[in-house]
Amino acid sequence: MTAMKKKRILIVDDEVGFTRLVSLNLAYQYFVRVENSPEQALAAAQEFKPDLILLDVMMPKLDGGELASQIRATAELKAVPIVFLTAAAASREVNSRGGQIGGFPFLAKPVSVADLRACIEKHLQS
Amino acid sequence: MEEEAIMETREDLGLVQGRTGFTGLIFRLFRQLSITRNLPFSHARAGYHGRVDPKTKSWPLKILEPFTETAAKQRVLLIEDSRVDAQVIRNMIDQAAHSVFHLEEVETLSGGLQRLEHGGIELVLLDLSLPDSPKDQTFTKLHSAVSHLPIIILSGIDDQDFANQKVQEGAQDYLIKGQFDARLLLRSMRYAIKRKRAEIALAQERELLRALLHNIPDRIYFKDEKSRFIRINPALTAHFKLSDPHAAIGKTDFDFFTVEHAQAAYEDEQRILRTGHPVVGIIEKETHPDGRVTWAFTSKMPLRNKHGQIVGTFGVSRDITDIVMKEEQLKRANAELTRKSEEILKVLADLKSSNKELKNTQAHLIQAAKLESVGTLAAGVAHEVKNPLQTILMGVDYLTENFATGHETVTLVLDEMREAIKRADSIVRGLLEFSSVNQPNASEEDLNRVVEKSIGLVHYQLTKSRIQIVTDLDPAVPRLSLDRIKMEQVFINLFMNAIQAMANGGTLTVRTRLIRFEEAQLLTGPAARHFKIGDGAVLVEVNDTGPGIPEELLPKIFDPFFTTKPTGKGTGLGLPVTKKIIELHSGVIDVRNLPGSGGVRVTILFRLPP
């Protein structure tokens, strides 16, 4: 029996406490890498080669939208699913926007571990 | 007949004295002339004194002394050098029954003049052949000294021509000695006195008329039946630019004015001649051949002879050219003033309108700035609060998954913490929603459809709380410009409030209506400020059968964060958000308790599209 290879999740968020705890929660199921400096996130992604990227929207120096554009413009990363995490949106807004920000799916903080996993699974399979 | 005439003259003068209108004065004076013109008279000294009374505008006439024959006897002076003749005269006078004369006698002209200087004599009987005066000069000398007294010549000269000459010179009568008896003498004496008085009165009238015609600045004219001038006064003479009033006699208005004015005046006068109706106080435009235009305030009267027959016209015109010109200037100035005033009013209205727009814009800007700052604040708060909440939630979930199993108390603690996170999150989300409601994303929507969809979204809660739903949606309600998602949020908020108020079941009634405010009593509450009689509106009513809202809390229900729900059940932002969304749609919302049965009625009114 061959163990299923863990999927690689890159989490880009400047909230150190959050990234530490989300890593703890996801580590059993996924191979998680955290990047707290958005300006280093592209390089990290190129090196880490994630299967999915969780991207905070509001970050200092480089916001999630800009970073998503750079990722999409990078050949080896352009097919990687990106899910935004935002602390600035109400869940109703998520619904009214069809769950999308700039064409990317997003989750409104605070999100439970269960919902986060469900979302990750959904987009890993798509 | 003569006596009657004199009496009438006196009465008329008495009347004239009290009148103020100069037209009436002329009329009456002319009547005097008509009546008395056949009387013999000679010039007498002026009988009036003084000037026009500025208060009464009337002439201070000095009328004849009271005329009474029954008073003291009238003194008669006989100037006769013949004692025989004097005796005869005396006998005639004394023997007459009821004689009213007292005779005094002198024998010379100088004696007579001397006596007359003392006054009191009312008639002189004069013999021409006196020792101190040649007979052809006697009358002249006496008459020139006392022209105001009637003189009867008693002469032995039986010469008709001589007699006529003396009468023409002013003698009242010429009686030939030996050819008259007492009756003739006394009648002649009576008539002489009366006639002389009439002459003086007439002279006074003439003088008054002359003074009037010569001094009044108004233009006065008399015309015959063919509208030819028979007399004009100096004012009209000057107006016609003539040097002599007589130059106008026989001429007509056609000689002085253009045909336009002359014809109109001629027609006026001919009508007066036909009908006898005067033309009083008309304003005439006078056009002159040299192009001048003058204006006159004119009255025209029928001119009647002593038999009352109309023989011409007369009139008075006052030159009001200056007044008319000033009036024209005033009218132009007034028109200009009105125009400017209208301009000012228009500018003022524009300014008011601009000011109102500015205020509205300012209010919107302030509101937008407020919203923007609230929005910015809310977003900032959301970011700063939600991130820690997220971290805490991650931690709670981690602890739940890894350490709670089998530890009931730990599970309980972690569940409480999770609930607290949700509560904090819902507050932040409400704040975000409240601050993000500023611009509706509107399109033409079927309001009834939006209501039905919103009911569908709370169907589970309705069923769960055993609440019966009654809908009464008016198909006449037109499509409205609405932000569908925000309006759904409004109805869901209202329905959820109603559901929570009817935890033990009840009835939720939703009604829509197309209405028109036909009566003032319909315009109550917020509607009174937003609508007026005749306005159309779409009404939505949401009624519940819950316990209602305490009256003292009603004014606060739209305040942010005000809630009557238990802690953790309400954010206090539902109704403020609802009100904001309604107002964004230019609608009004009113919440009140239903009378009697309890429950709450929420009324929403949308203005009909124009």
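Here, the structure is the one placed above.
Here's what I pulled together on the structure shown here. (Residues numbered from 1 in each chain as written. Chains lettered and ligands numbered in written order. Predicted model: local features only at pLDDT ≥ 70, side-chain atom pairs only at ≥ 80, totals over all residues. Heavy atoms only, no water.)

1. Details of the pattern of salt bridges
All names here are of chain B. In the structure shown here, the tally under the stated rule is 44 salt bridges over all chains. Here glutamate 199 ties to lysine 196 by a salt bridge, and the two come within 3.4 Å at their closest N and O atoms. Taken together, the positions of glutamate 199 and lysine 196, both in helix 7 (residues 182-215) and 3 residues apart, correspond to about one turn of that helix. By the burial criterion, glutamate 199 is buried, and lysine 196 matches it. The closest approach of N and O atoms between lysine 579 and glutamate 583, which form a salt bridge, is 3.0 Å. In this pair, lysine 579 and glutamate 583 both sit in helix 16 (residues 574-584), 4 residues apart, roughly one turn of the helix. A network of salt bridges, in which partner residues are shared, links Lys223, Asp253, Asp268, Glu269, Arg271, Glu284 and Lys300. (Salt bridge = Lys/Arg side-chain N within 4 Å of Asp/Glu carboxyl O. Helix = DSSP H or I, 4+ residues; strand = E, 2+ residues; numbered from the N terminus. Buried < 20%, exposed > 50% of the residue type's maximum accessible area, 1.4 Å probe, protein only.)

2. Let's talk about the sheet that holds strand 12 (residues 467-473) of chain B
All names here are of chain B. Strand order in the open sheet made by the 5 strands is 12-14-15-17-16, with mixed pairing throughout. Edge positions in the open sheet fall to strand 12 and strand 16 (588-593), since each of these has one partner strand only. Recorded for the sheet is a direction-independent mean angle of 15 degrees between the axes of neighbouring strands. Docked against the sheet, helix 12 (residues 447-457) engages strand 12, strand 14 (506-516), strand 15 (536-543) and strand 17 (600-607), running at close to 170 degrees with respect to strand 12. Across the face of the sheet, helix 14 (residues 484-501) comes into contact with strand 12, strand 14, strand 15 and strand 17 while running at roughly 165 degrees to strand 17. (Pairing = 2+ DSSP bridges. Axes fitted to C-alpha atoms, helices over the stretch in contact; angles between N-to-C directions. Contact = heavy atoms within 4.5 Å.)

3. Observations regarding the interface of chain A and chain B
Taken together, the contact pairs 22 residues of chain A with 20 residues of chain B. With both sides pooled, the region where chain A packs onto chain B buries about 2,000 Å², and carbon together with sulfur makes up 62% of that total. Here arginine 117 of chain A ties to glutamate 401 of chain B by a salt bridge, and the two come within 2.7 Å at their closest N and O atoms. The interface formed by chain A and chain B contains 7 residue pairs in polar contact (both at pLDDT 80 or more). If you list the elements that add at least two residues to the side of chain A that touches chain B, you get helix 1 (16-26), helix 4 (91-96) and helix 5 (113-125) of chain A. For the side of chain A that touches chain B, the residue count by class is 13 nonpolar, 5 polar and 4 charged. (Buried area = accessible area lost by both parts, 1.4 Å probe. Polar contact = N/O pair within 3.5 Å; in protein donor to acceptor, adjacent residues only side chain to side chain. Nonpolar A, V, L, I, M, F, W, Y, C, P; charged D, E, K, R; others polar.)

4. A short note on the side chain of glutamate 80 of chain B
Its place among the elements puts glutamate 80 of chain B in the loop between strand 1 (74-79) and helix 3 (83-95). Of note is the side chain of glutamate 80 of chain B, whose polar atom sits 3.0 Å from the backbone nitrogen of serine 82 of chain B.

5. Topic: the nonpolar core
Residue and element names in this part refer to chain B. Among the nonpolar cores identified, the biggest contains 44 residues, and Leu447, Met487, Phe491, Phe495, Leu508, Ile604 and Phe606 are the most heavily contacted of them. In terms of residues, this core owes the most to one element, helix 14, which gives 7 residues. Two domains each donate at least three residues to this core, and these are domain 3 (339-432) and domain 4 (442-607). Here leucine 508 is in contact with Leu462, Ile467, Gln468, Ile469, Val470, Phe495, Ala498, Met502, Val542 and Asn543, once residues within four sequence places are set aside. Grouped together as the second largest cluster of nonpolar side chains are 21 residues, Leu77, Leu116, Phe139 and Val146 included. (Core = buried A, V, L, I, M, F, W, Y, C linked by side-chain atoms within 4.5 Å. Domains from an automatic or database assignment.)

6. Observations concerning unusual backbone geometry
Trans is the prevailing form of peptide bonds, just as negative phi is the prevailing case for residues other than glycine. Here the bond from lysine 109 of chain A into proline 110 of chain A is cis, since omega is 0 degrees, no more than 30 degrees from zero. Along the chain, proline 110 of chain A falls in the loop between strand 6 (104-108) and helix 5. Of note in the backbone geometry, lysine 49 of chain A takes a positive phi value of approximately 55 degrees without being a glycine. Secondary-structure assignment places lysine 49 of chain A in the loop between helix 2 (41-48) and strand 3 (52-56). Lysine 49 of chain A gets classed as exposed once you look at its relative accessible area, which sits at 55%. At serine 586 of chain B, a position not held by glycine, the phi torsion is positive, near 55 degrees.

7. Here we look at the packing of aromatic side chains
Residues and elements named next belong to chain B. Counted by the stated rule, this structure contains 12 aromatic pairs over all chains. Between phenylalanine 222 and phenylalanine 314 the ring centres are 5.6 Å apart and the planes differ by 25 degrees, which places this aromatic pair in the stacked class. With phenylalanine 222 in strand 6 (residues 219-224) and phenylalanine 314 in strand 10 (residues 310-319), this pair connects stretches of sequence that are 92 residues apart. Phenylalanine 314 matches phenylalanine 222 in its accessibility class, with the two residues each being buried. On the basis of an interplanar angle of 65 degrees and a centroid distance of 6.1 Å, the ring pair of tyrosine 398 and phenylalanine 403 is categorised as edge-to-face. (Phe/Tyr/Trp six-rings, centres within 6.5 Å; stacked < 30°, edge-to-face > 60°.)

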